[in-house]
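Residue-level listing of the chains:
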Amino acid sequence: MLSRIPLNHCYYRKNRVGLHLCQTMVNVVSMYIENQLLKLVKEAVFSLYGVSVSEGIAQVQETRKEFEGDLTLVVFPLLKISKSNPEKTGQEIGQWILQHCPEVDSFNVIKGFLNFSLSQSYWLTALQNLDTQYPDTGVTPRNFMVEYSSPNTNKPLHLGHVRNNLLGYSVSRILQANGHKVVKVNLVNDRGIHICKSMLAWQKFGKGVTPESSGKKGDHLVGDFYVMFDQIYKKEIKQLVQEGMSEQEAEKNAPLLLEAQSMLRRWEAKDPEIMGLWKTMNAWVYDGFDKTYAAMGVDFDKVYYESQTYLHGKEIVQKGLESGVFFRKEDGSVWVDLTDEGLDQKLLLRSDGTSVYMTQDLGTACQRFSEYPLDELIYVVGNEQNYHFQVLALVLSKLGYDWARFIHHMSYGMVELPSGKMKSREGTVVDADDLIEGMIATSAEMSAALGKLDDCSPEEKERIVRTIGLGALKYFILKVDPRKNMLFDPQESIDFNGNTGPFIQYTHARIRSVIRKAEALGFMPFGHFSAGLSLSAKERYLLRLLCRYPSVLRESGENLSPALLANYLYELTKEYNQFYHDYPILHEENPELRNFRLFLSERTSGIIRAGMDLLGIDVPEKM
RNA sequence: GGGUCCAUAGUUCAAGGGAUAGAACGAAAGUUUCCUAAACUUUAAAUACAGGUUCGAGUCCUGUUGGGCCUACCA
């Protein structure tokens, strides 16, 4: 089975993502001020014009930064009801709401936009009550399983896997922060002809080399033999073609391939020698993977191995045959006919009775739903396998499993290189370990050049440098909409300035530094400030932005998009930096104002830390 | 060929049918007696093309052009 990592390009199913997840927000309407306001708008319209507003006509959104106000009602759609012009309608509704909603302080109408300003005490209270660890997102808790990573055991992880792992891990964390239960699982593709290829090459040409004897990481060592197999295989084909064989014939009859196929049969027959080799080499790979996973900071609650689950699928196929959902062709192969659903016929079992990719996925899905009470099973798998998952869900529902509708393919785009596709065999892959090492090295260079960590111990320095390097890499990948393809140029190293992980980390470190100083000065915990304190526009906006965290988290979960969270954190950070630059905190002489600014700063650092944590990114205390 | 997705500054990314399309990098110019200059400020620069729907379109529909992916008794 191929690893579930895209090597190739793009695909994007708009109506898939978030489809199942949306219904949860309906019953929390009253929790959010936006929804409260929307409800009042409906009442206002009914009271003023005697018409009830149908669903989706009225919309309340955040007021754009350049206008005065916090929430905005778009008046245009209501003009048919008010039978009046936008300005007048806005005034009338605004007036009504002002009188009926205590949180609304004032309003203004610009063109067709009715902007409400909420009271400062509303925002202050909201921020005070905001729980950064477990914010109230108002979603109904459910049970999720998230499958991600899903590597082959014949070669090391590459950049495509990095995106997969970071997305899978982060999405799991975001769902957890929304209050859901999440089981993180990995499906290891540890059997099949591709595994035999590296085994065979090692057996024939390896001369007993081990990770210990070579000093190589196990997954890389095994990967080298996979590449070696391919090189020799190609030579053999060339040779055969020169001897007059057609290319297609040669591909099928190259001695090395025949040997690999023979090895696969011996594996399926549980030949002790082959099983021993298989176990040994897989153990090397797992050892290597564990190191890479640890470096990336991802983990799993449960690991499935295809070698243990592929047989379940055969039973499912058998059942489907008996119930007449599947059919057998003369040659003995088993198929399902999906032409009524607009798809093709799909093979489920080969004529020799061995299973294919789909077979094991059927079995694994059944196993999972019988093991866990799942409300949703999310497969984090590249968009190149979209058709596969469409078929999977369809076949399962044809088999009568009503949980088939809980299967959700989180289809993400590939990582492209400037040269185009990554191809393992052509050596154009970006290796995960190299990439991580490289990022940490760059981070170390930059720290040294800036001289920021000169007074740290070597251990501390190393830890911080590592945190920053990984932060740059992870943020670089996660800030992009998962559904879209993204480009990675190995020539131009990932930035450490601008919209980057280190930028956010730096802001956190700076705030922590201020807080430490405030503690030393006896300002912490910050004391009283009055709700009527006169705030600048910048401070007010920052306050509002901080309060948005729970709803960003909710959207991020509903859309399965860490990018929404990442971009919010960047915006927050940018705003804070402007505030930090323009206003004194510790040097502010008015103690109430100083307290407020410490409060803002402390909350900002808390949200940055919590949000980055959900992206799997650490934030340092200093850098 | 069929199915499907994509196209936004020089480049990499944003923008739940809503206001003047935001950032970052790169380019040009500035800010340090002051809480970390990995920061902040300023300037130039974009919705592939043609229609349509709408009070309103980068966003929805149709077509054109250019690209990706799928379309295996591979996984």
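Quantities reported herein were computed from a predicted structural model and do not represent experimental measurements.

Enquirer: Go over the overall build of chain A with me, naming the residues and quoting the values.
Expert: When you go through chain A residue by residue, the secondary structure sums to 21 helices and 14 strands. Taking the principal axes of its C-alpha atoms as reference, chain A extends roughly 90 × 65 × 40 Å. By residue count, 55% of the 623 residues in chain A fall in the buried class. A fraction of 75% describes how many contacts in chain A between residues 6 or more apart in sequence connect residues 24 or more apart. Accessible surface, chain A: about 27,700 Å² in total, of which carbon and sulfur atoms supply 51%. Here chain A holds 69 positive side-chain charges and 78 negative ones, and the gap between their average locations is 2 Å.

Enquirer: How would you explain helix α11 (residues 272-296) if you had to name every residue and give the values?
Expert: The end-to-end C-alpha separation of α11 is 35 Å, in line with the 36 Å expected for 25 residues at 1.5 Å each. With a side-chain oxygen positioned 2.8 Å from the backbone nitrogen of E273, the residue opening α11 is D271.

Enquirer: Requested: an account of the sheet that holds strand β4 (residues 113-118), with residues and values cited.
Expert: Two pairing modes exist for strands in a sheet, parallel and antiparallel, and in both the strands are linked by backbone hydrogen bonds. One open sheet accounts for four strands, arranged β1-β2-β4-β3; its pairing is antiparallel. Among the strands making up the open sheet, the edge pair consists of β1 (60-62) and β3 (104-110). Each adjacent strand pair in this sheet contributes to an overall mean axis angle of 30°, direction not counted. Relative to strand β2 (residues 71-74), β1 runs antiparallel, the two sharing three bridges. Residue pairing in the sheet places V60 in a bridge with L73 of β2. Packed onto the sheet, helix α1 (residues 33-49) meets β1, β2, β3 and β4 and runs at close to 35° relative to β2.

Enquirer: Requested: an account of the pattern of salt bridges, with residues and values cited.
Expert: Tallied over the entire structure, the rule returns 34 salt bridges. Two residues, K217 and D219, come together in a salt bridge whose shortest N-O distance is 3.0 Å. According to the relative accessible area criterion, D219 is buried, its value standing at 0%. A salt bridge links E575 to K538; the shortest N-O distance between them is 3.3 Å. Note that E575 is positioned in helix α20 (residues 562-582) and K538 in helix α18 (residues 537-547), a separation of 37 residues in sequence.

Enquirer: Help me get a handle on the state of the cysteines, residues and values and all.
Expert: According to the stated counting rule, one finds zero disulfides in the structure shown. Distance from the sulfur of C101, which forms no disulfide, to the nearest cysteine sulfur (C547) is 15 Å. Given a relative accessible area of 4%, C101 falls into the buried group.

Reading guide: rules and limits
- Residues numbered from 1 in each chain as written.
- Chains lettered and ligands numbered in written order.
- Predicted model: local features only at pLDDT ≥ 70, side-chain atom pairs only at ≥ 80, totals over all residues.
- Heavy atoms only, no water.
- Helix = DSSP H or I, 4+ residues; strand = E, 2+ residues; numbered from the N terminus.
- Buried < 20%, exposed > 50% of the residue type's maximum accessible area, 1.4 Å probe, protein only.
- Contact = heavy atoms within 4.5 Å.
- Areas by Shrake-Rupley, 256 points an atom, 1.4 Å probe, with all protein chains shown as cover.
- Lys, Arg positive; Asp, Glu negative; His and termini not counted.
- Charge placed at Lys NZ, Arg CZ, Asp CG, Glu CD.
- Expected span 1.5 Å × (residues − 1).
- Polar contact = N/O pair within 3.5 Å; in protein donor to acceptor, adjacent residues only side chain to side chain.
- Pairing = 2+ DSSP bridges.
- Axes fitted to C-alpha atoms, helices over the stretch in contact; angles between N-to-C directions.
- Salt bridge = Lys/Arg side-chain N within 4 Å of Asp/Glu carboxyl O.
- Disulfide = S-S within 2.5 Å.

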